[in-house]
Amino acid sequence: MPTFSASAFVVLGLLERSGPTTPYALDREIQQSIGHFWAFPRSQIYAEAARLARHGLVAEDREGAGRRRRTLSLTQAGRDVLAAWLTDPAEHATDVRDEGLLRLYFQQDGTSADAQVRRLAVTQLEAHRRKLAEYETILASATAQETSASDVVAGGPGLEGPQAAALAFGLRFEEVAVEFWSEVAERGASAVDPRRTE
């Protein structure tokens, strides 16, 4: 059996949670769930699904007429591979792919650069505040769901314990990002320099 990327396990995991579904429906579910913390282009769904089908981990059923939509479903072999992956420890550290941090890294030191860094910090601060507000809305919907016993959260799948824990990480991450960019916006990059001692 070949080695599969994390993207393959996204497809397997979503099929396990959702049951048989189309690639389009998978894309919608990704945007409403893991898409908040794991970038996953739509084209990758189709590529991963085809690869998983070639290895017998996903079954594909295509309509005979009309739009000839494909419905994907998890095979028992796919369930077994997913179960093994879920029990293995994640050995890789978090890959922070933040364009704001990338832009910050390449700034120059100096008076004119300080103003540019602060402008960058203001835009990043607003972006992280919006993401934090989005997570807070999901949390509020999940809390309201507990009282109404509905299984839909903000148009997406319900939150069970593990999904709520992932949301907690997102909330904490955005809170730290808001704090970081607030400091840079108010006092410049030197204010967060870890070499400085107060």
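Thresholds applied
Residues numbered from 1 in each chain as written. Predicted model: local features only at pLDDT ≥ 70, side-chain atom pairs only at ≥ 80, totals over all residues. Heavy atoms only, no water. Phe/Tyr/Trp six-rings, centres within 6.5 Å; stacked < 30°, edge-to-face > 60°. Buried < 20%, exposed > 50% of the residue type's maximum accessible area, 1.4 Å probe, protein only. Helix = DSSP H or I, 4+ residues; strand = E, 2+ residues; numbered from the N terminus. Salt bridge = Lys/Arg side-chain N within 4 Å of Asp/Glu carboxyl O. 1 Å grid on protein atoms, 1.4 Å probe; cavity = no way out; pocket = protein on both sides within 12 Å on 5 of 7 lines; lining within 4 Å. Points joined across faces, edges and corners; volume = space filled by probe spheres on them. Nonpolar A, V, L, I, M, F, W, Y, C, P; charged D, E, K, R; others polar. Core = buried A, V, L, I, M, F, W, Y, C linked by side-chain atoms within 4.5 Å. Contact = heavy atoms within 4.5 Å. Patch = residues over 30% accessible without salt bridge, like charges linked within 9 Å, V, L, I, M, F, W, Y side chains within 5 Å. Areas by Shrake-Rupley, 256 points an atom, 1.4 Å probe, with all protein chains shown as cover.

S.K.: Looking at this structure, how should I read the packing of aromatic side chains?
M.R.: Any pair of aromatic rings gets described here by the distance separating the centres and the angle formed by the planes. What the rule picks out here adds up to five aromatic pairs. Arranged with centres 6.5 Å apart and planes meeting at 85°, the rings of Phe4 and Phe9 form a pair that is edge-to-face. By relative accessible area, which is 12% here, Phe4 ends up buried. Judged by its relative accessible area of 8%, Phe9 is buried. Relative to Trp85, the ring of Phe9 has its centre 4.4 Å away and its plane inclined at 5°; by these criteria the two rings are stacked. Of this pair, Phe9 sits in helix α1 (residues 6-18) while Trp85 sits in helix α4 (residues 76-87); the two residues are 76 residues apart in sequence, bridging distant segments of the chain.

S.K.: Could you clarify how one ought to interpret the pattern of salt bridges in this entry?
M.R.: A side chain of one charge can pair with a side chain of the opposite charge if their charged atoms are brought near each other. Taken as a whole, this structure holds nine salt bridges when the rule is applied. A salt bridge links Arg118 to Asp114; the shortest N-O distance between them is 3.0 Å. In this pair, Arg118 and Asp114 both sit in helix α6 (residues 111-148), four residues apart, roughly one turn of the helix. On the accessibility criterion, Arg118 (27% relative accessible area) is partly exposed. Residue class for Asp114 comes out partly exposed when judged on its relative accessible area of 30%. For Lys131, the salt bridge identified is with Glu134, shortest N-O distance 3.6 Å. One end of the pair, Lys131, and the other, Glu134, are both in helix α6, three residues apart, so they sit about a helical turn from each other. Residue Glu134 is classed as partly exposed on the basis of its relative accessible area of 34%.

S.K.: For this particular structure, what's the right way to read the layout of surface pockets?
M.R.: Over the atoms rolls a probe the size of a water molecule, and in doing so it shows where empty space is left. Here the second largest pocket is characterised by a volume of approximately 370 Å³. Around the second largest pocket, the lining is made up of 15 residues, and of these Leu104, Asp109, Ala189, Ser190 and Asp193 lie nearest the centre. With three residues, the top contributor of residues to the lining of the second largest pocket is α6. Here the residues of the lining of the second largest pocket sort into seven nonpolar, four polar and four charged.

S.K.: I tried to follow the nonpolar core on my own but got confused; where do I start?
M.R.: Soluble globular proteins tend to bury their nonpolar side chains together. Of all hydrophobic cores here, the largest spans 21 residues; its most connected members are Leu12, Leu15, Leu26, Ile30 and Leu52. Among the elements of the structure, α1, α2 (23-32), α3 (42-54), β2 (70-74) and α4 are those that each provide at least two residues to this core. With seven residues, α1 is the single largest residue contributor to this core. Contact partners of Leu26, with chain neighbours within four places excluded, come to Val11, Leu14, Leu15, Thr21, Ile45 and Leu72.

S.K.: Got a minute to help me understand a nonpolar patch on the surface in this structure?
M.R.: Residues Val96, Leu101, Phe169 and Phe173 make up a contiguous nonpolar surface patch of about 360 Å² in total accessible area. Within the secondary structure, Phe169 is located in helix α7 (residues 161-187). For Phe169, a relative accessible area of 53% puts it in the exposed group.

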